[in-house]
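Breakdown of the fold
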Amino acid sequence: IIGFSVVSVITGVFIQETFKVATSDDQIMLNNKRRAMRDHERKMTNLFKHADHDGDGSLDLEEFSKIMDDPIVRKWLSSMGLEVDDVDRLFETLNGGDGKVTGS
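Residues numbered from 1 in each chain as written. Predicted model: local features only at pLDDT ≥ 70, side-chain atom pairs only at ≥ 80, totals over all residues. Heavy atoms only, no water.

1. Observations regarding helix α4 (residues 87-94)
The N-cap residue of α4 is D86: its side-chain oxygen and the backbone nitrogen of D88 are 3.4 Å apart. Of the residues one or two after α4, G96 is the one with positive phi, at around 70°. (Polar contact = N/O pair within 3.5 Å; in protein donor to acceptor, adjacent residues only side chain to side chain. Helix = DSSP H or I, 4+ residues; strand = E, 2+ residues; numbered from the N terminus.)

2. Things to note about the side chain of E63
Structurally, the position occupied by E63 is in helix α2 (residues 61-68). Buried within the structure, E63 lacks any salt-bridge partner; K100 is the closest side chain of opposite charge, at an N-O distance of 5.6 Å. The contacts of E63, once residues within four sequence positions are left out, are A51, D52, H53, D54 and S58. (Buried < 20%, exposed > 50% of the residue type's maximum accessible area, 1.4 Å probe, protein only. Lys, Arg positive; Asp, Glu negative; His and termini not counted. Salt bridge = Lys/Arg side-chain N within 4 Å of Asp/Glu carboxyl O. Contact = heavy atoms within 4.5 Å.)

3. Some points on the packing of aromatic side chains
Within the structure shown, the criterion is met by 1 aromatic pair. Where F64 meets F91, the ring centres are 5.4 Å apart and the plane angle is 50°; that geometry is what we call tilted. Separated by 27 residues along the polypeptide, F64 in helix α2 and F91 in helix α4 bring together distant segments of the chain. Using a relative accessible area of 6% as the deciding quantity, one classes F64 as buried. (Phe/Tyr/Trp six-rings, centres within 6.5 Å; stacked < 30°, edge-to-face > 60°.)

4. A few points about a negative patch on the surface
Together, E83, D85, D86, D88 and E92 make up a negatively charged patch on the protein surface. Along the chain, D85 falls in the loop between α3 (71-79) and α4. (Patch = residues over 30% accessible without salt bridge, like charges linked within 9 Å, V, L, I, M, F, W, Y side chains within 5 Å. Areas by Shrake-Rupley, 256 points an atom, 1.4 Å probe, with all protein chains shown as cover. Charge placed at Lys NZ, Arg CZ, Asp CG, Glu CD.)

5. Regarding the confidence of the model for the chain
Residues of the chain with pLDDT of at least 70 account for 92%, and the chain-wide mean is 83. When pLDDT is averaged over each helix and strand of the chain, the minimum, 80, is found for helix α1 (residues 2-51) and the maximum, 90, for α2. (pLDDT = per-residue confidence, 0-100.)

6. So, the environment of R35
Tracing the backbone shows R35 in helix α1. Residue R35 is classed as partly exposed on the basis of its relative accessible area, which comes to 43%.

7. Focus: a nonpolar patch on the surface
Together, F14, I15 and F19 make up a nonpolar patch on the protein surface, roughly 350 Å² of accessible area in all. By the secondary structure assignment, F14 is in helix α1. The exposure class assigned to F14 is exposed, which follows from its relative accessible area of 58%.

8. A closer look at the layout of surface pockets
Space inside the largest pocket adds up to approximately 360 Å³. Along its surface, the largest pocket is lined by 16 residues, and M44, F48, F64, L94 and V101 are the ones closest to its centre. Those elements that provide at least two residues to the lining of the largest pocket are α1, α2, α4 and β2 (101-102). The biggest single contributor to the lining of the largest pocket is α1, with 5 residues. (1 Å grid on protein atoms, 1.4 Å probe; cavity = no way out; pocket = protein on both sides within 12 Å on 5 of 7 lines; lining within 4 Å. Points joined across faces, edges and corners; volume = space filled by probe spheres on them.)

9. A few points about α2
Every buried residue belonging to α2 is among E63, F64, S65, I67 and M68, and all of these are buried. In this structure D60 caps α2, since a side-chain oxygen of it lies 3.2 Å from the backbone nitrogen of E62.

Structure below.
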């Protein structure tokens, strides 16, 4: 009986510790996701600044097309799950009707 009780206590402690680890794993996962989103936002902001040749804070169709025609940019966007097959259609979707895409 004493041996069974000891095994039950050890099992209870093990389960409690497992739940603590699972909870911290969720927090770690959320923190990693937030960090990845911040990194992605920073990279997209840098891409936008690089593409904004006239420095007006927005991209017209010419600037947008030029950056989207770069094979390295396409491969980079593809690696993040964004396949760009129709640049003109994407520009029309993003520009809000004013002929400019802004970074905000």
